[in-house]
Amino acid sequence: MNSRVLPALLAAVVASLAYYLGTRQAATSPTVATAPAAIAPAPRPGLAAILAETDPLRHRVQFAQWLTALTADEATNAARQVWAQPGDLSEITERKKLFSYAWGQVSGAAAIEFARTQPGSGKVAALGAALAGWASKDPAAAQAWISARLDPGEQLMYSWALVEGWARHDPASATAYALSRQDDPNTGRYVQSIALEQVRRDAPAASAWALALPAGSLRVAAVEEVATHWSRTAPQAAAQWARSLPDNGLAIPALRNVTTEWARADSLAAGTWLNGMDPSARRDQAVAAYCQVLAAQELDHISRWAQTISDSKLREQSLLNIAEEWMGRNPEAALAWLPQSGLSPARIAQLSRPNP
């Protein structure tokens, strides 16, 4: 064979064999997926553009998202932008509160010191929000700062914010703090803040928490607050709990609050529930609360509700509330209703007397 042909033939054979082996390997080897190209995270939008956003929904969403990545290093310059942004009073206050809360979580002392030196509206709200944000992450440090840096009057002013944030972090410790300050005029407010956070976590557990507090005004305040917040999301369950309370001193305030919130949201359902209650002091108080909420509605209808109250003094007061509402709203209708209102003759005569 020609010496020139042999190398060429060998090269062709080798190439063919390589091709065959390569295709066979590809056919018999498991497929390996190609790793997708890494997707770069979207750049964080600039704060100036967010603050300039005119659509209120987009602004709130973007601002809240931006704040979740706030760092201590950028906070001071960002705060100056936030404080300089124009808006109506409610917008300014909301913006400063949200920013101060986020800043308080990453650098509480700096957030408070900045807010304390700023003029204009929203300052107090911003201070409270900064303390609450700090306490939601490190309540001990926030408490120590209050004790060391604020005078007694300021401590009373801002301790409620401490407890508000603390309740989000550790409700049990916040409760212990509130109970340790029985002489503090804010103690009732502390309990209200803790109750709200407890209901948000677990309403039935919140009811047990309230009843476990020491007997007295704080327990009553906690029960009232739990009843109020629970009834806004699950009025049937809240009403059942309120009715089950063994002590009228707790049950009646709870029932009044449940009825008030339920009547505002769904007066028909609340009325149906009241119709199922047997006559009692508890029902009387619940009906009185119902009438107070709906006093401005159809006169004959709501007065018939008030007339079902067994307690004569409470019935008279409820009817009087309705009469006074209607004397201001529609005096002619009120005067025509008075003779059959169920009010005492003396009260009817007093209401019928012309104003001097």
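Just so it is clear, the model here is predicted, and its values are computed rather than measured. (Residues numbered from 1 in each chain as written. Predicted model: local features only at pLDDT ≥ 70, side-chain atom pairs only at ≥ 80, totals over all residues. Heavy atoms only, no water.)

Outline the overall build of the protein chain, listing residues and values.
Along the protein chain, the regular secondary structure elements total 20 helices and 0 strands. The buried share of the protein chain, taken over its 356 residues, is 40%. Counting only contacts in the protein chain whose residues sit at least 6 apart along the sequence, the fraction spanning at least 24 positions is 56%. Carbon and sulfur atoms make up 56% of the accessible area of the protein chain, which totals about 19300 Å². (Helix = DSSP H or I, 4+ residues; strand = E, 2+ residues; numbered from the N terminus. Buried < 20%, exposed > 50% of the residue type's maximum accessible area, 1.4 Å probe, protein only. Contact = heavy atoms within 4.5 Å. Areas by Shrake-Rupley, 256 points an atom, 1.4 Å probe, with all protein chains shown as cover.)

Provide a residue-level description of the nonpolar core, including the pertinent values.
Membership of the largest hydrophobic core comes to 95 residues, with the highest contact counts inside it found for Phe99, Trp209, Val226 and Ile322. With residues up to four places along the chain from it excluded, the contact list for Trp209 reads Thr175, Val191, Ile194, Ala195, Gln198, Ala222 and Val226. (Core = buried A, V, L, I, M, F, W, Y, C linked by side-chain atoms within 4.5 Å.)

Just give me the short version of the packing of aromatic side chains, but keep the residues and values in it.
For the coordinates displayed, the defined rule picks out 10 aromatic pairs. Ring plane angle 40° and centroid distance 5.8 Å describe the contact between Trp230 and Trp241, whose orientation is recorded as tilted. Of this pair, Trp230 sits in helix H12 (residues 217-233) while Trp241 sits in helix H13 (residues 235-244), and the two are 11 residues apart along the sequence. Both residues of the pair, Trp230 and Trp241, count as buried. Ring pairs connect the aromatic residues Trp83, Phe99, Trp103 and Phe114, which therefore count as one cluster. Over the aromatic face of Trp160 sits the side chain of Arg189, whose NZ or CZ is 4.1 Å from the ring centroid. (Phe/Tyr/Trp six-rings, centres within 6.5 Å; stacked < 30°, edge-to-face > 60°. Lys NZ or Arg CZ within 6 Å of the ring centre and 35° of its normal.)

Residues and numbers for the side chain of Gln118, please.
Tracing the sequence through the fold places Gln118 in the loop between helix H5 (89-116) and helix H6 (123-137). Among the polar contacts listed, one links the side chain of Gln118 to the backbone oxygen of Phe114, at a separation of 3.3 Å. In terms of polar contacts, Gln118 uses its side chain to reach the side chain of Thr117, at 3.1 Å. Ignoring any residue separated from it by four or fewer positions in sequence, one finds Gln118 in contact with Trp83 and Lys123. (Polar contact = N/O pair within 3.5 Å; in protein donor to acceptor, adjacent residues only side chain to side chain.)

Explain the pattern of salt bridges to me, and be specific about the residues and the numbers.
Overall, the coordinates contain 12 salt bridges when judged by the stated rule. Its salt-bridge partner being Arg58, residue Glu53 comes within 3.5 Å of it at the nearest N-O pair. Classification of Arg58 as partly exposed rests on a relative accessible area of 45%. Residue Arg181 is joined to Asp184 by a salt bridge in which the shortest nitrogen-to-oxygen separation is 3.0 Å. By relative accessible area, Arg181 is classed as partly exposed at 24%. Asp184 gets classed as buried once you look at its relative accessible area, which sits at 8%. In the salt-bridge network here, residues are joined through shared partners; they are Glu113, Arg116, Arg149 and Glu154. (Salt bridge = Lys/Arg side-chain N within 4 Å of Asp/Glu carboxyl O.)

Quick rundown of H12? Include the residues and the values.
With 17 residues, H12 extends 25 Å between its outermost C-alpha atoms, agreeing within 8% with the 24 Å of an ideal straight helix rising 1.5 Å per residue. Within H12, burial applies to Leu218, Ala221, Ala222, Val223, Glu225, Val226, Ala227, Thr228, His229, Trp230 and Ser231. Buried residues along H12 sit against helix H9 (171-179), helix H10 (187-201), helix H11 (203-212), H13 and helix H14 (248-265). (Expected span 1.5 Å × (residues − 1).)

Function cannot be inferred from these measures alone, as they are strictly geometric.
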